[in-house]
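Here are the chains, one letter per residue:
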Amino acid sequence: MERTAPSSGELLEIAVELARDAAATAYRMRAEGVSVAATKSTVTDVVTAADRAVETQVLDALRRLRPADAVLGEEYGAGETEVAAGGVRWILDPIDGTVNYLYGLPHYAVSLAAEVDGEVVAGVVRNVPTGEEWTATAGGGAWRDGRRLRCSTETDLGQALVGTGFGYDPKRRAHQARVVAELIPHVRDIRRLGAAAVDLCLAAEGRLDAYYEKGLAAWDQAAGALVATEAGLRVAGLGGRPAGPDLVIAAPPALFTPLHDRLADLDASGGP
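The rules behind the values
Residues numbered from 1 in each chain as written. Predicted model: local features only at pLDDT ≥ 70, side-chain atom pairs only at ≥ 80, totals over all residues. Heavy atoms only, no water. Helix = DSSP H or I, 4+ residues; strand = E, 2+ residues; numbered from the N terminus. Buried < 20%, exposed > 50% of the residue type's maximum accessible area, 1.4 Å probe, protein only. Contact = heavy atoms within 4.5 Å. Areas by Shrake-Rupley, 256 points an atom, 1.4 Å probe, with all protein chains shown as cover. Lys, Arg positive; Asp, Glu negative; His and termini not counted. Charge placed at Lys NZ, Arg CZ, Asp CG, Glu CD. Pairing = 2+ DSSP bridges. Axes fitted to C-alpha atoms, helices over the stretch in contact; angles between N-to-C directions. pLDDT = per-residue confidence, 0-100. Salt bridge = Lys/Arg side-chain N within 4 Å of Asp/Glu carboxyl O.

1. A short note on the overall build of the protein chain
No. 1: Assigned secondary structure in the protein chain consists of seven helices and 15 strands.
No. 2: For the protein chain, the spread of C-alpha atoms along the three principal axes comes to 50 × 40 × 35 Å.
No. 3: Burial analysis of the protein chain (272 residues in total) assigns 52% to the buried set.
No. 4: A separation threshold of at least 6 residues defines the contact pool for the protein chain, and within that pool the share at least 24 residues apart is 61%.
No. 5: Counting only carbon and sulfur atoms, one obtains 50% of the accessible surface of the protein chain, whose full area is about 11,700 Å².
No. 6: Here the protein chain contributes 27 positively and 38 negatively charged side chains, and the mean placements of these two sets differ by 3 Å.

What follows is the structure in structure tokens.
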């Protein structure tokens, strides 16, 4: 028997409440002092105690509120892995931008999205140190502080401020550095802020003109990509493929093709 999913608005209400509580926990733990709990892919890819505490907090809340739903989290992976037709899967990054969190830099966020039948229908990104909160529902627009967001109207790639990020594997970083070195003469400038979810939201409101990155997992982009899409950005990979680990490009329609083609020429989705 198929389950009837709640509306995207109802899912967003849950996401916002949990993200705000999670951000409060992350903020408090940052004030009390950061401890590194583990490393992941490399010694520079850290997990803090707060990452784990925040994810546990959200998982516990979802089990109480929506016990039949599935959850995909960065630190503890999948909970309920079977998602029935019409069922909901939550996609959580407890602290996107952990290295920024570790160093006290003001770009790290809780990202929580709700997915129904493989489509992200609601999402929230809350930048912990600033309190900025971006939300979106599928077909309902992207918002911050009651203001509907529209992406950049820039049409010239040469005048575009482009955000990006780097992986933790040294060989991947070297490849990504070569891509940036070849791209930067063809854009206004490059920004690397260190939190993909925040980058996507900044692009959604035109504080970045465009954004791209290789190596993003579902939790890095689920909520932010919905915000970006609902603000008018085209979010995709190379060659008509969907956005994913190989590459995520988020750009206004007028910039998407020239940025896409430049990144394709530079083999931005290649390397380790």
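2. What about the sheet that holds strand E15 (residues 248–251)?
No. 1: The strand order across the open sheet formed by five strands is E12-E11-E13-E15-E14, and the pairing between neighbours is mixed. With one partner strand each, in any of the chains shown, strand E12 (189–191) and strand E14 (234–236) form the two edges of the open sheet. On average, each strand axis in the sheet is inclined to that of its neighbour by 20°, with strand direction left out of account.
No. 2: Relative to strand E13 (residues 210–213), strand E11 (residues 161–163) runs parallel, the two sharing two bridges. Counted as the bridge partner of glycine 163 is tyrosine 211 from E13.
No. 3: Contacts from helix H7 (residues 253–265) reach E13, E14 and E15 within the one sheet, and its direction differs from that of E15 by about 150°.

3. With respect to the confidence of the model for the protein chain
Regions with low pLDDT carry predicted coordinates that are not meant to be interpreted in detail.
No. 1: Mean pLDDT over the protein chain works out to 93, with 92% of the residues at or above the 70 mark.
No. 2: Taken element by element, the protein chain is modelled with least confidence in strand E4 (residues 77–78), mean pLDDT 61, and with most confidence in E11, mean pLDDT 99.

4. Observations concerning helix H5 (residues 196–204)
Residues separated by three or four positions in an α-helix point in the same direction, a consequence of the helix having 3.6 residues per turn.
No. 1: Counting buried residues along H5, nine of its nine residues qualify, which places the element largely inside the surrounding structure.
No. 2: Buried residues of H5: Ala196, Ala197, Val198, Asp199, Leu200, Cys201, Leu202, Ala203 and Ala204, and no others.

5. Section: the pattern of salt bridges
No. 1: Following the criterion strictly, the structure yields 12 salt bridges and no others.
No. 2: The partner of glutamate 133 in a salt bridge is arginine 20, with the nearest N and O atoms 2.8 Å apart. Taken together, the positions of glutamate 133 in strand E8 (residues 133–137) and arginine 20 in helix H1 (residues 8–32) put the pair 113 residues apart, joining distant regions of the chain.
No. 3: Glutamate 205 serves as the salt-bridge partner of arginine 207, at 3.4 Å between the closest nitrogen and oxygen.
No. 4: Shared partners join several salt bridges into a network, and the residues in it are Glu132, Arg144, Asp145, Arg147, Glu205 and Arg207.

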